Structures are given as C-alpha cells and as structure tokens.
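# Reading the structure
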Amino acid sequence: MRGDECHDLTKPARYMDLLKDIETLWLQTATQAIIEHVESNPRERFYAGSFWLLYSDGTKFGQPCFALNTESHIAKFGSDYQWAPADWQFPCVESTIEVLRPLYANLTMHMVGRDEAYWNKIVEEHYACIARVCRQITLAVRAHRGVFSDVALPDYFVVGMFEFCEDEPLFSTLIRNSIEPEVLRKLPHPVWQSE
C-alpha cells in the first residue's frame, strides 16, 4: 500500500483511519529500510533505528524521520552521539519520506480548524502509533522472526523514539513508551533512565 492510495483527499477522513494507515505504513517502510540498509552495507553492524523530528505546531502535522546508525559510526564520532539520530550515519532514510508524505499531508488537512485539545489528543495518539511500530520491529529483529529471520542484525538491535527536545520529561517518556522496559534497561548509556 502506498501512502497516496490510502485516502481520497476530496472526502473527509477520520483520524483513526489515518493513524491506523500511518502505523501500518511505518511498520512496512521502516522494516524495508532496515533490511535494505543492512544488505547494502554488509561490512557495517547496525545497532539502532529511530523515529525523530516528531513535530506539530497547531497548523501542520510534520512527518517524522526514520534514522539508522552503525557501530563504526559511533566508534568514529564517539558515544555522545549513540542516541542522537540527527548525527547518525543515516539520519533520515529518504525512501520512507516519499512513501509516508501523502498520509501526513492528509492528517494535516484533517486537523485544519481543530482546537488545541484536539491537536494534543491526536499528537498523543500519533506518539502511541510510532511507539507500537518501534516495539514490533525491535521484537521481530531480536527474535529473528519473519522477514528478519535471515537479516544480519545483532540481538541487541533496537528501534526507539530518540527525540531530543527541550522538554526532558517528554524525551524520556517517548523512549520509555517505544522500548520495552527489559530492553531499555540493557541499553548502553541510558541517559533517559535517570529520574
């Protein structure tokens, strides 16, 4: 399914349908991006993927970026960048942008004229969709299940919402919601666990 096939722009869309399609398409495209990058870079060891730039301002619902990073990139630039997707080797996988763009355009159209409370509700539900995608991919990779059964990824590979922002509680909440607690406890440099 392509993003532009999901909804007719001339008909009003329900936000639940839009978010469901966004979740489904992110799961497909992020999975495909991981596999393609691993296969295209056989000498690299990928350790993480991230959704970031989760942006909305009351007039526009921005499309997040999906990023990937390798251990060699961290070895070169240092562990300070381990969980900072803006500085990763692949900070925004272009193939995911093109596929998801129409859905986010539709979501923005749906939000026109809505009040702040409605925006806040949809932003929270969007966070929940992305968190579920992160957990599903992490679980599938670590279990070597389905399309990841023969993909050369380490057992500690993780996908999360590593969204650095001025709001530290939001940053920690997004990470905790997108990564299972037992997985999060074992990640190196878990700066988001301090309470």
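Residues numbered from 1 in each chain as written. Predicted model: local features only at pLDDT ≥ 70, side-chain atom pairs only at ≥ 80, totals over all residues. Heavy atoms only, no water.

### Looking at the confidence of the model for the protein chain
This prediction gives the protein chain a mean pLDDT of 88; 88% of its residues lie at or above 70. Residue range residues 1–12 is modelled with pLDDT below 50. Its contacts to residues more than four positions away, or to other chains, number 20 contacts. (pLDDT = per-residue confidence, 0-100. Contact = heavy atoms within 4.5 Å.)

### Focus: the packing of helix 1 (residues 15–40) against helix 4 (residues 116–142)
As a packed pair, helix 1 and helix 4 sit with axes 10 Å apart at the nearest point and diverge in direction by 30°. Here the hand of the crossing between helix 1 and helix 4 comes out right-handed. From helix 1, Tyr15, Leu19, Ile22, Glu23, Trp26, Leu27, Ala30, Thr31 and Ile34 reach across to helix 4, where they touch Tyr118, Lys121, Ile122, Glu125, His126, Cys129, Ile130, Arg132, Val133, Gln136 and Ile137. (Axes fitted to C-alpha atoms, helices over the stretch in contact; angles between N-to-C directions. Helix = DSSP H or I, 4+ residues; strand = E, 2+ residues; numbered from the N terminus. Left-handed = near helix turned anticlockwise from the far one by under 90°.)

### Here's the deal with the nonpolar core
The biggest cluster of nonpolar side chains holds 44 residues, and the ones touching the most others in it are Trp26, Ile34, Phe51, Phe66, Phe148 and Leu153. Listed by contribution, the elements that provide at least two residues to this core are helix 1, strand 1 (46–52), strand 2 (65–70), helix 3 (94–111) and helix 4. Top contributing element to this core by residue count: helix 4, with 13 residues. Filtering out sequence-adjacent residues up to four positions away, Phe148 remains in contact with Thr31, Ile34, Ile35, Ile137, Ala140, Val141 and Leu153. Judged by nonpolar contacts, the second largest core, of 17 residues, contains Trp52, Ile97, Ile179 and Leu187. (Core = buried A, V, L, I, M, F, W, Y, C linked by side-chain atoms within 4.5 Å. Buried < 20%, exposed > 50% of the residue type's maximum accessible area, 1.4 Å probe, protein only.)

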